[in-house]
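So you can see what is in the structure, the chains are spelled out below.
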Amino acid sequence: MEANPPKFKTAITANERLQNLKNTFETKYGESPLFFAYAPGRVNLIGEHIDYCGYSVLPMAIEQSILSAVSVSNSGTITLANTNPQYKDFTVLCSEDIVIDRENPKWHYYFLCGVKGIQEKFGIASLAGMSCVVDGTIPPSSGLSSSSALVCCAGLATMEANQKSLSKVALAELCAKCERYIGTEGGGMDQSISFLAETGTAKLIEFQPLRATDVKLPDGAVFVISNCCVEMNKAASSHFNIRVVECRIATKMLAHARGLDSSRFLKLAQVQTELKASLEEMLVMVDEVLHPEPYSREEICKALGVTSELFNTELLSANTQHMTHFKLHQRAKHVYSEAARVLQFKNVCDTKPAESVRLLGDLMNQSHASCRDLYECSCPELDQLVDICLNSGAVGSRLTGAGWGGCAVSMVPCEKMESFLKAVREAYYLPDPRRAAMEKQSLFVTKPGGGASIFLEE
Ligand code: ADP
Ligand code: NG1
């Protein structure tokens, strides 16, 4: 039987963050929290924008996380507060339908995604009342999964408050599904690693069925995260869903061209499975079937034999209805080549050849080039930062997470770590006062952390 997220009895006084949060909670609500729910952010080492195409990814949890102090009552309300004054208090009645406003993705809607997911899963007519104070240390909209950590923390807290039980895999699947209420059509990597992470190991996350396998990273190098200090909120923009839509259309075009019933396929991985082809064969097929010039709506509708109305309702999302052109060749090429790189990365970690660090670095560099040139999900600041990281001693450096801003992850030989940090600091952060002010939380070494859990006071 697969395990639930662990519960830890802990001496709150021994942990400064828990103690501070407890104090804030008591000042705010005049009572003590019953428990704390914890969910980490993540850094994806390789496998970008392929989870929603059905392909495996290779992330690890980071130390930065969302932590919520929670009390439970029969007050009939869920009250949310945040240690960061930028995120305003919010209260909802347990008797009300939970409505998520996609047009206006405020912080409490992410929390409510998790609440709604649990409510629907268990068919809970009247949720337990909860008072919460949320504390987050993950830089938001920076590709380290602050949104998913918040949704996972809320799902876990709601499950605990309503005395329900789910395995870690079931919770990860539930939170991946319910985060889509905010409007972004993500693939499930973030919620999976938040629940399935274990200290000391990165994970290969595979989908359908969801599973996580340990990936032991080489001893000779460390992973360093650096934030380019450009934020990109996925739910408030359409960049992310545009890519999801382009992959969905490429799937149908490839399926159709190879004589499959294209109406059955939504993910690029399904086409590969059905055709029993290798990833290399899929890359050849992309060149044969799709042209590099952008496709118009008319061309796609004609090729697939669908009406414009069906195209809008079945293929586009609410926030991509305005799209007129679609780069199918480039997006499919990225996805199949990136899926192959993930398997190669895992293979190097498993077989440990003498030149492991260089091989992994090369794969990370290829991944960044593909994200930048084929998937077009980087930005000038992030490209500049990646170049600086490589010139400062990293063997590999790439954007991590959704992109269009946010963080790079670099693989740095242990003996170069200090000089690397100094050089990146001097080249990227110090020359710009805004970046310099953010440097402490923007440039840091990271190690594989543990997964979501509940803490109870000893
Ligand atoms: P990410 O790439 O970090 O997942 P998103 O743009 O998807 O970024 O989501 C960021 C949003 O998540 C923020 O705008 C905010 O609404 C929410 N969020 C992130 N961190 C916190 C926090 N500490 N407290 C409350 N909400 C947060
Ligand atoms: P972040 O980095 O949290 O914006 C997003 C998606 C992932 C994945 C990556 C790109 C969500 C919640 N997360 O992550 O599923 O597609 O982009 O690899 O949509």
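Just so we're clear, the structure is a prediction, and the values are computed from it rather than from any experiment.

(A) Fine view of the site of ligand 2. If you check the shell around ligand 2, you find 19 residues, and the closest are Glu48, His49, Asp51, Asp190 and Lys234. Serine 145 is positioned such that a nitrogen or oxygen atom in its side chain is 3.4 Å from an oxygen atom of ligand 2. Contact distances for ligand 2 include 3.2 Å between an oxygen atom and a backbone N or O atom of glycine 187. Taken by itself ligand 2 offers 440 Å² of open surface, and the protein chains cover 97% of this. The element contributing the most residues to the shell around ligand 2 is helix α5 (residues 189–196), with three residues. Class assignment of the residues belonging to the shell around ligand 2 gives a composition of four nonpolar, nine polar and six charged.

(B) Fine view of the packing of aromatic side chains. Within the structure shown, the criterion is met by eight aromatic pairs. For the ring pair tyrosine 38 and phenylalanine 455, a centre distance of 6.0 Å and an interplane angle of 75 degrees mean the geometry is edge-to-face. Note that tyrosine 38 is positioned in strand β2 (residues 35–46) and phenylalanine 455 in strand β15 (residues 453–457), a separation of 417 residues in sequence. As far as the burial class goes, tyrosine 38 and phenylalanine 455 line up, both buried. Among the aromatic side chains, those forming a connected cluster through ring pairs are Phe8, Tyr38 and Phe455. The ring centre of tyrosine 181 lies 5.4 Å from the NZ or CZ of lysine 116, which sits over that ring.

(C) Fine view of the pattern of salt bridges. Tallied over the entire structure, the rule returns 28 salt bridges. A salt bridge links glutamate 26 to lysine 22, with the nearest nitrogen and oxygen atoms 3.1 Å apart. Taken together, the positions of glutamate 26 and lysine 22, both in helix α1 (residues 16–29) and four residues apart, correspond to about one turn of that helix. Classification of glutamate 26 as partly exposed rests on a relative accessible area of 27%.

(D) Quick look at the sheet that holds strand β9 (residues 221–227). Read from one edge to the other, the open sheet built from four strands follows the order β12-β13-β9-β14, with strand pairing classed as antiparallel. At either margin of the open sheet sits one strand with a lone partner, and together these are β12 (396–399) and β14 (443–446). The sheet shows a mean angle of 25 degrees between the axes of neighbouring strands, direction not considered. Here β12 pairs with strand β13 (residues 407–413) via four bridges, running antiparallel. In the strand pairing of β13, serine 397 is matched with serine 410. Running at roughly 10 degrees to β14, helix α15 (residues 433–442) makes contact with β9 and β14 of the sheet.

(E) How the structure looks around the sheet that holds strand β1 (residues 7–10). Sheet architecture is open: seven strands sit in the order β1-β15-β2-β3-β6-β4-β5, paired in mixed fashion. Of all the strands in the sheet, just β1 and β5 (90–93) have a single pairing partner and so form its edges. Within this sheet the neighbouring strands show an average axis-to-axis angle of 25 degrees, counted without direction. Two strands pair when backbone bridges link them, and β2 and strand β3 (residues 58–73) are joined in this way by ten bridges, in the antiparallel orientation. Paired with valine 43 across the strands is methionine 60, a residue of β3. Packed on one face of the sheet, α1 meets β1, β2, β3, β4 (77–82), β6 (129–136) and β15 and runs near 135 degrees to β6. Against the sheet, helix α11 (residues 328–351) makes contact with β2 and β3, and its axis sits at roughly 100 degrees relative to β2, the strand it touches most.

(F) Seen up close, the packing of helix α2 (residues 107–122) against helix α3 (residues 146–161). Taken N-terminus to C-terminus, the directions of α2 and α3 make an angle of 45 degrees; their axes are 7 Å apart at the nearest point. Classified by the angle between their axes, α2 and α3 sit oblique to one another. Of the two elements, α2 crosses α3, and the hand of that crossing is right-handed. Across from Trp107, Tyr110, Phe111, Cys113, Gly114, Val115 and Ile118 in α2, the residues of α3 making contact are Ser147, Leu150, Val151, Ala154, Gly155, Thr158 and Met159. Of the residues in the contact of α2 with α3, the class split is ten nonpolar, four polar and no charged.

(G) Structural view of the site of ligand 1. The immediate surroundings of ligand 1 are formed by 17 residues, with Asn82, Ser141, Ser146, Ser147 and Lys234 found nearest. Here an oxygen atom of ligand 1 sits 3.3 Å away from a polar atom, N or O, in the main chain of glycine 143. At 2.8 Å from an oxygen atom of ligand 1 is found a side-chain nitrogen or oxygen belonging to serine 147. Notes on ligand 1: free accessible area 570 Å², of which the protein chains cover 93%. Listing elements by their share of the shell around ligand 1, those giving two or more residues are α2 and α3. At three residues, α3 tops the list of elements feeding residues into the shell around ligand 1. Considered class by class, the residues forming the shell around ligand 1 number seven nonpolar, nine polar and one charged.

Calculation rules
Residues numbered from 1 in each chain as written. Chains lettered and ligands numbered in written order. Predicted model: local features only at pLDDT ≥ 70, side-chain atom pairs only at ≥ 80, totals over all residues. Heavy atoms only, no water. Near = heavy atom within 4 Å. Polar contact = N/O pair within 3.5 Å; in protein donor to acceptor, adjacent residues only side chain to side chain. Areas by Shrake-Rupley, 256 points an atom, 1.4 Å probe, with all protein chains shown as cover. Helix = DSSP H or I, 4+ residues; strand = E, 2+ residues; numbered from the N terminus. Nonpolar A, V, L, I, M, F, W, Y, C, P; charged D, E, K, R; others polar. Phe/Tyr/Trp six-rings, centres within 6.5 Å; stacked < 30°, edge-to-face > 60°. Buried < 20%, exposed > 50% of the residue type's maximum accessible area, 1.4 Å probe, protein only. Lys NZ or Arg CZ within 6 Å of the ring centre and 35° of its normal. Salt bridge = Lys/Arg side-chain N within 4 Å of Asp/Glu carboxyl O. Pairing = 2+ DSSP bridges. Axes fitted to C-alpha atoms, helices over the stretch in contact; angles between N-to-C directions. Contact = heavy atoms within 4.5 Å. Parallel < 35°, antiparallel > 145°, perpendicular 65-115°, else oblique. Left-handed = near helix turned anticlockwise from the far one by under 90°.

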